[in-house]
Amino acid sequence: MKFTMTENGFSGDLPFGTLNVSTNEELGFRPYQLMVASLAICSAGIVRKVLEKKRMPADDIQVEVKEVVRIDEEAGRIEKVHIHFVIKGDIDDSKMDRVLELTRKNCSMVRSVEDSIEVVETYELIK
């Protein structure tokens, strides 16, 4: 990846398009938003794979970031992210603790920040 300085931040031409990053939310993605999105989407992708391997494929997965706690005194460092999955399908609720455990273990983004950002994962199942 290569990013070039622009008037309002940085811009990168990536395989699926241009990514504009800026401290001004009106001019591009803010860096913390990309970090939080990486945590949420990586986790959701692993949830999907684990459910498939357990022969409980989801019909749909929505992922919502319910809370982001940042510490202003530490340059806005992300302290906590609460990720909530809404999973549609014939999913056995009694297996979801193990699904989330495997998700935490296998999500590279969550593993990368495990000693610095608290990642809380919750879920709800809908038919």
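The preceding data block contains the structure.
Residues numbered from 1 in each chain as written. Predicted model: local features only at pLDDT ≥ 70, side-chain atom pairs only at ≥ 80, totals over all residues. Heavy atoms only, no water.

Trainee: Would you mind going over the sheet that holds strand E3 (residues 17–21) with me for this structure?
Mentor: Adjacent strands of a sheet form backbone hydrogen bonds with each other and so pair up, either parallel or antiparallel. Strand order in the open sheet formed by three strands is E1-E2-E3, and the pairing between neighbours is antiparallel. Since the sheet does not close on itself, it has two edges, and those belong to strand E1 (3–6) and E3, each with one partner. Averaged over all pairs of adjacent strands, the angle between their axes in this sheet comes to 25 degrees, without regard to strand direction. (Pairing = 2+ DSSP bridges. Helix = DSSP H or I, 4+ residues; strand = E, 2+ residues; numbered from the N terminus. Axes fitted to C-alpha atoms, helices over the stretch in contact; angles between N-to-C directions.)

Trainee: What am I meant to see in the state of the cysteines here?
Mentor: As used in these notes, a disulfide is a covalent bond between sulfur atoms, one from each of two cysteines. As enumerated under the stated definition, the model contains one disulfide in all. Two residues share a disulfide in this structure: Cys42 and Cys107, whose sulfurs sit 2.5 Å from each other. Residue Cys42 is found in helix H1 (residues 31–53), and its partner Cys107 is found in the loop between helix H2 (96–106) and helix H3 (108–113); the two are separated by 65 residues along the sequence. The exposure class of Cys42 is buried, given its relative accessible area of 18%. Judged by relative accessible area, Cys107 falls into the buried class, the value being 0%. (Disulfide = S-S within 2.5 Å. Buried < 20%, exposed > 50% of the residue type's maximum accessible area, 1.4 Å probe, protein only.)

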